[in-house]
Each structure stands twice: as C-alpha cells, then as structure tokens.
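Chain by chain, the residues run as shown.
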Amino acid sequence: MIKYKRGSCLAAVVLAVGILTGCGAAPEKTQAAIRLIQALDYKGALEQLDSAEEAGENIRLVNRARGIAHMGLTDYEQAISCFEAALSGSDGVIENVDFDLNYYLAAAYSKNGMHVQAENAYNAILALRPEEADAYFLRGNVRMLLNNYTGAKEDFDRVMTMEPKNYDRLIQIYEVLEYSGFGEEGQEYLREALVSGDKQMSQYIKGRIYYYLGDYQDAYTALEAAKEQGGAESYLYLGRAYEATGDYNYAANVYYSYLSKNVGNAEMYNQLGLCEIARGDYQKALEAFQAGMKLDNTTMMQTLSFNEIVAYEHLGEYKRAFELIGAYLENYPDDAQAKREYEFLSTR
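Remember, predicted model here, so these are calculated numbers, not experimental data. (Residues numbered from 1 in each chain as written. Predicted model: local features only at pLDDT ≥ 70, side-chain atom pairs only at ≥ 80, totals over all residues. Heavy atoms only, no water.)

Asks: Tell me about the overall build of the chain, residues and numbers included.
Replies: Helix and strand counts for the chain stand at 20 helices and 0 strands. Radius of gyration (C-alpha) of the chain: 22 Å, near the 20 Å computed for a compact globule of 348 residues. If one aligns the C-alpha atoms of the chain with their principal axes, the spans along those axes are about 60 × 55 × 35 Å. Classification of the 348 residues of the chain by burial places 48% in the buried group. Long-range contacts, defined as pairs at least 24 residues apart, comprise 52% of the intrachain contacts of the chain with a sequence gap of at least 6. Side-chain charges of the chain comprise 32 positive and 51 negative groups, with the mean position of each set lying 3 Å from the other. (Helix = DSSP H or I, 4+ residues; strand = E, 2+ residues; numbered from the N terminus. Rg over C-alpha atoms; globule rule 2.2 N^0.38 Å. Buried < 20%, exposed > 50% of the residue type's maximum accessible area, 1.4 Å probe, protein only. Contact = heavy atoms within 4.5 Å. Lys, Arg positive; Asp, Glu negative; His and termini not counted. Charge placed at Lys NZ, Arg CZ, Asp CG, Glu CD.)

As structure tokens, then:
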C-alpha cells in the first residue's frame, strides 16, 4: 500500500537550497531558462542555456543555472561539474555569486552522497564569512549524515548563540536531531527555549514547542490563543496536535474552519487530505489534495501530486493512480518511494 507524504520533510531541511542568496539579475536568455526551471522543464532550460552561451551571456550564470537544472534531473555528477565550472570562472575577486555557488555545490555533493566534500564546501564559506549562520546550520546537517554528532552539536550551538530568538531555526535543529535518532537531545534545545524567560515569545511559538515536546494539552491552549490572530500556521499546528492524540474529527474541523474564512492554503489542504485519509473518507481526501494543486505558485505541488495518487489508490482507482505516478516520475525522477509504487501499481 502506498504511503502518503506529509509535506515538509527532513530531506528538505538537510539539503535545502531555498535559503540561498541570489546573484543579481541574469541576462535575458538565462532568465528565460530560470523560468523554465521554476516550471520544472529542466530539459527545456538546458536547451535555452545552450542558446544563452551562444549569445555570449555571462557563462558563470549560465553554468550556475545548468547546475540547478541538472539537479532537477537528479544528474548530480553533471550538476557538480557545472557548479565547479562556474566557480573556476572567477577572476579572483570574491563576489556574492561565489558564496551562492558554494551553497549549491554543497547541496549537490550531499545529494550525490559526497558528504565530506559538502562539509568542505561549507568550511570554505565559513572561512570567509565566519558569521554565516546558514552555513553553520547546513554544515551541522551534513555532520549528522557523517555520524559526527559532536561536530554537528557544536554547529547547532553556534547557530543558537548567533540567533537566540530564531525559533524557526530552533525547531529545524530539533527536526534534524529527531530524524537522526537524537530526539531527546533535540528536545533539550526546546526545553531551554521555554525556560529562557523570553517575554517576547508568542503563543504560537510556545504552542509549536509544546507540540514537538509531546505536551499536547499545553499545545492546545497556546495554539487556540494564537489561532485567534488568524495565522494559518497556528491552525495547522493546532490540528496536528489533535491528530497526534487521535482526534481526527476535531482536527478536520480546525482545517475546515480556516479554509472557510481564508484564501486557500496548499499546506492546509494537504493536511486536511491526510486527516480525511485517517478518517477513511478517501473522496474528501482526494478533493482536498486537488484543491491545493489548483492554487498558484504553491511549493507543495510534489507532495500534493503524490498524495493525490495515494487517494486514488485508496479509492481502488488503480489505473488512474498508475497514469498519474508515471507523470509524477517524469517531474520527480529521484523519488525512490514513487519508483517502488510505480512497480507495485504496474501489477494491479
């Protein structure tokens, strides 16, 4: 049986490139290629980048975009070559694009299982920018992959010293540690934040921390208060807290309450769909996932597309699920779970 996706996952945290700095406006053809990358048309982007090189556009930016397109195609060896070529094209003057490229190169190394090389790329960034909190955080992620808990903790401690009130980062650190089997150590960061006496900590932040500590009663109280401020994330965590205790009916009501009063939210639709699956209403789950997919500029498209397939399978519509998973793999060819399900559905 196919297993759904919850949305944000550790891989996105460990290998995130969403935090990367930009490198200024690119020339016309390179910009067009970037738009194709955003539309997941990686092959079309590479053709456009060949045209950009022929037109004499900035070759460093061309190779940068090529690297990103090859990452989209899961050709990490080629991506690494492109990023390295872009870096080697420097005239010796360190620019923002050089740091940007090192972040992408580190991500490509990690995707290719080359974690030592990824760590070295972050070392290079920190040698020139020792106050770059993002690099410490990402190097800590890589060190966890290298089973270097001591080194990772040093990086995470450094990040929290630099950003003591960055609670989003705090929770990311917890998620990395929990995923790697150090959940109790991760919870220590959360407990320390609660006892820090920060009077500026919002009910929303407290609710999230209580949620990750498994203290759902206090999470309910804090998130109910935060919910009145209308934030989507407050509703999401409140619903998840009720789901964690098995109260899927109340959780679904929380999600429906938000969606009835606010503009559509892709993550909310995804969570509602998962809740409906847990309640056994697969048709409503399908409708929720598809509603999220209709939203513009969603970063949840991969998750929603996969979960749409899950819903069709639960409904017994295996032919439709098989058609969709084939199309899904064209856009996300490195999804190992989807590959297994493709083989399974091919026999149905």
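Asks: Pulling in residues and values, what's your account of the packing of helix 10 (residues 167-179) against helix 12 (residues 203-213)?
Replies: Contact pair helix 10 / helix 12: the axes reach a minimum separation of 11 Å and the direction vectors enclose 10 degrees. Here helix 10 is positioned roughly parallel relative to helix 12, judged by the angle of their axes. On the side of helix 10, the interface is formed by Tyr-167, Asp-168, Leu-170, Ile-171, Tyr-174 and Glu-175, while helix 12 contributes Ile-205, Arg-208, Ile-209 and Tyr-212. Of the residues belonging to the contact of helix 10 with helix 12, the class tally is 7 nonpolar, no polar and 3 charged. (Axes fitted to C-alpha atoms, helices over the stretch in contact; angles between N-to-C directions. Parallel < 35°, antiparallel > 145°, perpendicular 65-115°, else oblique. Nonpolar A, V, L, I, M, F, W, Y, C, P; charged D, E, K, R; others polar.)

Asks: Give me the pattern of salt bridges: which residues, what numbers.
Replies: A complete count under the given rule lists 20 salt bridges for this structure. Close ionic contact of Asp-155 with Arg-143 constitutes a salt bridge, the shortest N to O distance being 3.2 Å. Taken together, the residues Asp-155 in helix 9 (residues 149-162) and Arg-143 in helix 8 (residues 133-145) connect sequence positions 12 residues apart. For Asp-155, a relative accessible area of 2% puts it in the buried group. Judged by its relative accessible area of 12%, Arg-143 is buried. As a salt-bridge pair, Lys-227 and Glu-224 come within 3.2 Å of each other at their nearest N and O atoms. Of this pair, Lys-227 and Glu-224 both sit in helix 13 (residues 216-227), 3 residues apart, which is roughly one turn of that helix. (Salt bridge = Lys/Arg side-chain N within 4 Å of Asp/Glu carboxyl O.)

Asks: Help me get a handle on the packing of helix 8 against helix 10, residues and values and all.
Replies: Axis separation between helix 8 and helix 10 bottoms out at 10 Å; the angle between their running directions is 10 degrees. Here helix 10 runs roughly parallel to helix 8, going by the angle between their axes. Along the contact surface, helix 8 presents Ala-133, Asp-134, Phe-137, Asn-141 and Met-144, while helix 10 presents Arg-169, Gln-172, Ile-173, Val-176 and Leu-177.

Asks: Describe the layout of surface pockets, listing the residues and the values that go with them.
Replies: Rolled over the atoms, a probe sized like a water molecule indicates the empty space that remains. In this model, the second largest pocket occupies a volume close to 190 Å³. Forming the walls of the second largest pocket are Asp-157, Met-160, Thr-161, Pro-164, Lys-165, Tyr-167, Leu-170, Tyr-189, Glu-192, Ala-193, Ser-196 and Asp-198. A per-class count over the lining of the second largest pocket returns 6 nonpolar, 2 polar and 4 charged. (1 Å grid on protein atoms, 1.4 Å probe; cavity = no way out; pocket = protein on both sides within 12 Å on 5 of 7 lines; lining within 4 Å. Points joined across faces, edges and corners; volume = space filled by probe spheres on them.)

Asks: Account for the confidence of the model for the chain, with residues named and values stated.
Replies: Taken as a whole, the chain shows an average pLDDT of 90; of its residues, 93% reach a score of 70 or greater. Contacts from residues 8-23, a stretch scored under 50 in pLDDT, to residues over four places away or in other chains number 31 contacts. (pLDDT = per-residue confidence, 0-100.)

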